[in-house]
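Topology and contacts: notes
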Amino acid sequence: AKATTEAVVLYERHMSERIEREVVIAGRLQDALTTGEGLQLHAQPQVDLRSGRLTGAEILLRWHDELIGSISPGDFIPVAEERGLIAILDRFVIEQSFKQLALWREQALALPGPLSVNVSMPLFEQDDFVDWLQACMRRHQVDVSALELEITESGLMHNPAQALSVAERLRQCGIALAIDDFGTGYSSLAYLKQFAANKVKIDQSFIRNIDGDERSQTIVKATIHMVQELGMKVLAEGVEREQEATLLLSYGCGLGQGYLYSKPMPLDEFATRWLEH
Ligand code: C2E
Ligand code: CA
Ligand code: CA
Ligand code: CA
């Protein structure tokens, strides 16, 4: 019984420390989102697997806090979700992305495809989201074709009907939508068929070491064919090795993203390395 009590005490201390840390992170993040200090957008290239040429890029947020240090999105995004900050964070990232697109346009730097931005369900479901997005684009004089929104498959399945209607509104505005982390969220074929997405991103867990994993090969091959039959583009995430790219190409998947091509990098570095005049 004593051991159990000790375990409970330890567990409770662990929980309260966890919550304390979360509260600290949330407070610091809230400040960062108002000043923009310590927050930096990175971009990761998306490429044509055959030629290695740029087709687009995904924006990924980085945060270095003066007190806490560097925190990865894997740690601060869940806190932002739990503490009601995620919609504010997403709006911040979207607006910064538009500013960057406007700047590149001024510098006559061309991105051959859309810039992809991650959007969480709480923002996606806000009544004024699509109107806000359009107003924001007009303010920065960004064309709808310059943007793609990524929404996770698991996010979509929280409220499938609502997600369908927002996706339809986005489609009418000409804003592209990609389903992120596909294969991890249990959507049905019937749902996918109705859903107005332009692109499906196959989750990296299926791509890692796919050349040595027959079950992943079967799943990925079938997914690629299904997605293309439904008239959508398909992109493989987390491509790290040449063997993975070769196999994906043989399955007819033409787009990829991953460390084999490039890690996410600060926007100025991305522009220098990847964008052309
Ligand atoms: P995600 O949207 O699935 O983004 C892909 C993640 O995989 C990124 O991690 C990226 O750096 C990493 N990655 C890319 N290629 C490879 C590879 O070849 N191998 C491996 N092992 N990893 C690779 P990151 O930047 O740490 O972001 C983690 C997650 O945090 C993202 O997953 C996304 O869900 C979320 N996130 C990041 N930035 C934002 C944002 O601005 N808004 C929202 N709502 N979520 C974001
Ligand atoms: Ca993503
Ligand atoms: Ca993903
Ligand atoms: Ca993910």
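Note: the structure precedes this text.
Our subject in this report is the structure included herewith.

Quick notes on the rules
Residue indices follow the written sequence of each chain, beginning from 1 at its first position. Each chain takes a letter, starting from A, and each ligand takes a number, starting from 1, following the order in which they are written. Per-residue local features are limited, in this predicted model, to residues with pLDDT of at least 70; the limit for side-chain atom pairs, both in listing and counting, is 80 or more; totals at the level of whole chains, interfaces and linings are taken over all residues. Side-chain metrics in this entry use all non-hydrogen atoms of the structure; hydrogen atoms and water are not considered. Neighbouring residues are identified by heavy atoms, a residue being near a molecule or strand if any of them is within 4 Å of it. Within 3.5 Å is the distance limit for a polar contact, defined as a pair of N or O atoms, with the added protein rule that one can donate a hydrogen and the other accept it, and that residues adjacent in sequence qualify only through two side-chain atoms. The protein chains shown are the only cover counted for residues, whose accessible areas, like all others here, come from Shrake-Rupley with a 1.4 Å probe. Within this scheme a cavity is a closed region of a 1 Å grid, computed over the protein atoms alone, that accommodates a 1.4 Å probe without allowing it to escape, whereas a pocket is open but has protein on both sides within 12 Å along at least five of seven lines; lining residues each have an atom within 4 Å of a point. More than half of a molecule's atoms lying within 2 Å of a cavity's or pocket's grid points is what places that molecule inside it. We count a stretch as a helix when DSSP gives it H or I for four or more residues in a row; a strand needs E for two or more, and each element gets its number in order from the N terminus. Here the nonpolar group is Ala, Val, Leu, Ile, Met, Phe, Trp, Tyr, Cys and Pro; Asp, Glu, Lys and Arg are the charged ones; every other residue, Gly included, is treated as polar. The donor set covers N, O and S atoms within 2.8 Å of the metal, switching to 3.2 Å for Na, K and Ca, and it leaves out water, so a site may look short of donors.

In the vicinity of ligand 1, 23 residues are found, and the nearest of them are Arg62, Asp90, Gln204, Glu240 and Tyr259. Interatomic distance of 3.2 Å between a side-chain N/O atom of Glu58 and an oxygen atom of ligand 1. Burial of ligand 1 by the surrounding chains reaches 82%, relative to a free accessible area of 800 Å². Placement of ligand 1 is best described as lying within the largest pocket. Elements supplying a minimum of two residues to the shell around ligand 1: β2 (54-65), α2 (73-82), α3 (86-106) and β6 (176-182). Grouping the amino acids of the shell around ligand 1 by side-chain chemistry returns ten nonpolar, five polar and eight charged.

Of the protein atoms, only Glu58 (OE), Asn118 (OD1), Glu150 (OE) and Asp180 (OD) coordinate the calcium ion (ligand 2), at distances of 2.2 to 2.3 Å. Mapped onto the polypeptide sequence, the residues donating to the calcium ion (ligand 2) form the spacing pattern E-x59-N-x31-E-x29-D. If you look at the calcium ion (ligand 2) and the calcium ion (ligand 3), they sit 4.0 Å from each other and are both ligated by Asp180. Of this pair, Glu58 sits in strand β2 while Asp180 sits in strand β6, and the two are 122 residues apart along the sequence.

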